[in-house]
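# A closer look at the structure
Okay, here's what each chain looks like letter by letter:
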Amino acid sequence: MFHNVHRYLLASTALILFPLGASAAEVSLSGQASVKYTPDSARLQFTARAEHKLPETATEEVNEQMEKWRESIEDFRDRLKSYSDASLNLYSRSIPSPERDEEPRRVAVASQTVSFTIDDLSLLNPILAQAQSLGMDYNVGPHQFFHSDEVGLRKQALAGAIADAKSRCEFVARELDKQCGEVMTINVDGGHQSPIPMMAEMRGASDAVSEVGSRELEARVSATFELE
């Protein structure tokens with residue numbers, strides 16, 4: 001389900017014309033196109049965390065959790081890209097007392113964060129299941145998903161916008177019994193991500209990702225062509 005990446009070009013059909021210059025045979029117009037795609041990769045982050053009145057105990061609990069995590073992902077560890085085990089962080093925080101006349105108590109908090117990317121989304125739910133079973137903290141939202149060839153998709157959208165502008169120029173030239181000539185000027189506005197649909201962040205024992213929705217990259221150009 002996650003392996004199929006669907007790409008197709010949607011060129012704008014509305015023609016936007018600007019008046020021809022009075023002293024030169026030129027036409028200024030715009031072109032736009034978009035590419036729809038489905039993300040095939042994700043950036044993930046998980047945190048092991050423990051609290052205790054003794055810093056040594058909190059640290060030990062996090063170390064144990066991290067060892068279990070490493071064991072649980074051993075079968076697909078080599079498929080996790082840019083893998084990083086961040087250094088363990090240790091700090092203290094105050095917990096307000098329920099009684100007004102009692103001082104807040106302080107606890108030690110130990111945490112260690114793991115981050116990596118995956119380019120095979122079939123790994124996503126097995127990884128989430130392991131993190132859930134170990135009680136690790138994480139959030140999975142739409143901005144963590146991306147396409148491994150986003151640069152290529154942006155170029156594809158931009159090429160479509162340029163082709164759209166040229167096609168419009170050729171249409172105008174035919175209507176005026178002329179030919180579309182050289183590009184005099186061109187402004188490129190290439191590769192804008194359309195707003196990503198909202199997706200509830202996932203965190204819980206029953207959480208699983210069933211589908212990653214399609215997205216769209218848009219590109220626009222404005223150009224002035226010589227008419228021959």
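Residues numbered from 1 in each chain as written. Predicted model: local features only at pLDDT ≥ 70, side-chain atom pairs only at ≥ 80, totals over all residues. Heavy atoms only, no water.

## Examining the environment of glutamate 226
- Among the structural elements, glutamate 226 can be located in strand 9 (residues 215-227).
- Under the relative-accessibility criterion, glutamate 226 is labelled partly exposed at 29%.
- Other than its neighbours up to four places away in sequence, glutamate 226 contacts Ala25, Glu26, Gln179, Cys180, Gly181, Glu182 and Met184. (Helix = DSSP H or I, 4+ residues; strand = E, 2+ residues; numbered from the N terminus. Buried < 20%, exposed > 50% of the residue type's maximum accessible area, 1.4 Å probe, protein only. Contact = heavy atoms within 4.5 Å.)

## What about the side chain of threonine 224?
- Along the polypeptide, threonine 224 turns up in strand 9.
- With residues up to four places along the chain from it excluded, the contact list for threonine 224 reads Glu26, Val27, Ser28, Glu182, Val183, Met184 and Thr185.

## Brief notes about helix 1 (residues 55-72)
- Here helix 1 contains 18 residues, and its C-alpha end-to-end distance of 26 Å stays within 8% of the 26 Å for a straight helix at 1.5 Å per residue.
- For helix 1, the set of buried residues is Ala58, Thr59, Val62, Gln65, Met66, Trp69 and Ser72. Seen from one end, helix 1 has its buried residues packed into an arc of 145°, which puts them on one side. Exposed side chains of helix 1 directed beyond 90 degrees from the buried face belong to Glu56 and Glu71. (Expected span 1.5 Å × (residues − 1). Arc of directions from axis to C-beta.)

## Focus: the confidence of the model for the chain
- On average, residues of the chain carry a pLDDT of 84, and 80% of them reach 70 or more.
- Here strand 1 (residues 8-11) stands out as the least confident element of the chain, with mean pLDDT 44; helix 1 is the most confident, with 96.
- Every residue in residues 1-18 scores below 50 in pLDDT, and together they form 51 contacts with partners more than four places removed in sequence or on other chains.
- A low-confidence stretch, residues 198-202 (pLDDT under 50), is modelled with 14 contacts involving residues beyond four sequence positions or located in other chains. (pLDDT = per-residue confidence, 0-100.)

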